[in-house]
Amino acid sequence: MTQISVLYLDETVQFDQKQIRHLFNLLGTKEAQEVLATAMKELAERLSRADALYKAGNWEAFALSVTGLDTIGEQIGMQSLSTASRAVCDALERRDMAATAATFFRLLRIGDRSLTDYRLLCDTSG
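Residues numbered from 1 in each chain as written. Predicted model: local features only at pLDDT ≥ 70, side-chain atom pairs only at ≥ 80, totals over all residues. Heavy atoms only, no water.

I tried to follow helix α1 (residues 17–27) on my own but got confused; where do I start?
Residues separated by three or four positions in an α-helix point in the same direction, a consequence of the helix having 3.6 residues per turn. Here α1 has its buried residues at Ile-20, Leu-23 and Phe-24. Down the axis of α1, the smallest arc covering the buried residues is 90°, so these residues share one side. In α1, those exposed residues whose orientation departs by more than 90 degrees from the buried face are Lys-18, Asn-25 and Leu-26. Between the side-chain oxygen at the start of α1 and the backbone nitrogen of Lys-18 there is a gap of 3.1 Å, and the oxygen is on Asp-16. Positioned one or two residues after α1, Gly-28 has a phi angle of 90°, which is positive. (Buried < 20%, exposed > 50% of the residue type's maximum accessible area, 1.4 Å probe, protein only. Helix = DSSP H or I, 4+ residues; strand = E, 2+ residues; numbered from the N terminus. Arc of directions from axis to C-beta. Polar contact = N/O pair within 3.5 Å; in protein donor to acceptor, adjacent residues only side chain to side chain.)

So this is what it looks like as structure tokens:
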């Protein structure tokens, strides 16, 4: 008898609470919320762009887009996103396309989850 395993793809995301508080302390609530809203929009756009570039096989532009996701993650305290972005870049640099695919699709899941969770986090932290 064949056993079927189920792979659950629910990603846990981690946020750097210190970085988030630092943004609010440095900029004030209103300006920090504006910066975060802009970053969230950029994050969503870059995720979409990276997906299109991946599907097109445009690896140079894809790498730049994913690197930008790492930068956004670092700036606004999205640790999981930054870690996943670096894993994609590492796999791509090694020209390991199987690892690139696996890490990229994990990045997409984390990105989607980060967008949702971050909005909830900011609604309660302001």
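I keep staring at the side chain of Thr-100 and nothing clicks. Help me out?
By secondary structure assignment, the location of Thr-100 is in helix α5 (residues 97–125). Exposure remark for Thr-100: the relative accessible area of 0% places this residue in the buried category. Setting aside its immediate chain neighbours within four residues, Thr-100 contacts Tyr-54, Phe-62, Ala-91 and Leu-92. (Contact = heavy atoms within 4.5 Å.)

Teacher, can you tell me more about the packing of α1 against helix α3 (residues 59–76) here?
The angle between the axes and the distance between the axes are what describe a pair of packed helices. Running from N to C, α1 and α3 cross one another at 75°; their axes reach a closest spacing of 7 Å. One finds that α1 runs roughly perpendicular with respect to α3. In this structure, α1 contributes Gln-19, Ile-20 and Leu-23 to the contact, and α3 contributes Glu-74, Gln-75 and Ile-76. The residue inventory of the contact of α1 with α3, partitioned by class, reads three nonpolar, two polar and one charged. (Axes fitted to C-alpha atoms, helices over the stretch in contact; angles between N-to-C directions. Parallel < 35°, antiparallel > 145°, perpendicular 65-115°, else oblique. Nonpolar A, V, L, I, M, F, W, Y, C, P; charged D, E, K, R; others polar.)

What's the story with unusual backbone geometry in this structure? I'm lost.
Note: most peptide bonds trans; most residues except glycine with negative phi. Here the phi dihedral of Arg-95 falls at roughly 60°; this positive angle occurs in a residue that is not glycine. Within the secondary structure, Arg-95 is located in the loop between α4 (79–93) and α5. Owing to a relative accessible area of 72%, Arg-95 belongs among the exposed residues under this scheme.

Any functional reading would require information beyond the geometric quantities listed.
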